[in-house]
Amino acid sequence: MNTMANDKDSECCCTVADIESLSGAYSCADKKYVFTPRETAVLAKIREAAMRARDIKKEMMSLGREDARRAQAARELEELRSTRAELERERIAAAEERMRMLGHI
């Protein structure tokens with residue numbers, strides 16, 4: 001039976017079989033917010049990059065303007081910005097993959 005459980009007031013697009021298979025762990029609405037392993041890994045990398053950037057900025061504040069270490073820290077910060085942009089593209093791709101797996105795309 002592949003009848004849709006979609007009524008006019010609900011945004012649920014699960015089939016009746018999907019609803020019956022839910023063991024109370026996730027409602028149809030909750031399914032949108034479950035991350036895949038790929039998403040979890042990307043989000044962890046984004047958090048690591050953000051923490052490293054925060055540390056670099058603190059270090060830069062304690063260094064003088066002409067300090068060679070400050071220039072190196074600025075280069076590392078720029079590399080982190082580039083990495084963060086790549087990770088953001090990966091995060092979006094992983095989210096789209098999840099939405100395809102859920103049948104929303």
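Residues numbered from 1 in each chain as written. Predicted model: local features only at pLDDT ≥ 70, side-chain atom pairs only at ≥ 80, totals over all residues. Heavy atoms only, no water.

## Quick look at the side chain of Glu39
Of note, Glu39 is situated in helix 2 (residues 37-62). Glu39 gets classed as buried once you look at its relative accessible area, which sits at 4%. What Glu39 contacts, discounting residues up to four positions off in sequence, is Val34, Ala94, Ala95 and Arg98. (Helix = DSSP H or I, 4+ residues; strand = E, 2+ residues; numbered from the N terminus. Buried < 20%, exposed > 50% of the residue type's maximum accessible area, 1.4 Å probe, protein only. Contact = heavy atoms within 4.5 Å.)

## Some details on the nonpolar core
Judged by nonpolar contacts, Ala49, Ala53, Ile56, Met60, Ala73, Leu77 and Leu80 together constitute the single largest core of 7 residues. Those elements that provide at least two residues to this core are helix 2 and helix 3 (68-101). In terms of residues, this core owes the most to one element, helix 2, which gives 4 residues. With residues up to four places along the chain from it excluded, the contact list for Ala73 reads Ile56 and Met60. (Core = buried A, V, L, I, M, F, W, Y, C linked by side-chain atoms within 4.5 Å.)

## A few points about the confidence of the model for the protein
With 69% of its residues at a pLDDT of 70 or more, the protein shows a mean pLDDT of 80. In the model of the protein, helix 1 (residues 16-21) stands out as the element of lowest mean pLDDT, 52, in contrast to helix 2, which has the highest, 94. Low confidence marks residues 1-10, where pLDDT is under 50. Its contacts with residues over four positions away, or in another chain, come to 12 contacts. (pLDDT = per-residue confidence, 0-100.)

## With respect to the environment of Glu88
If you trace the backbone, Glu88 turns up in helix 3. Sequence spacing of Glu88 and Val42 is 46 residues, and the spatial spacing of their C-alpha atoms is 8.4 Å. Engagement of the side chain of Glu88 in a polar contact is seen with the side chain of Arg84, the distance being 2.9 Å. (Polar contact = N/O pair within 3.5 Å; in protein donor to acceptor, adjacent residues only side chain to side chain.)

## Here's the deal with the environment of Ala93
You can see Ala93 is positioned in helix 3. Counting along the chain gives 55 residues from Ala93 to Arg38, while the straight-line C-alpha distance between them is 9.7 Å.

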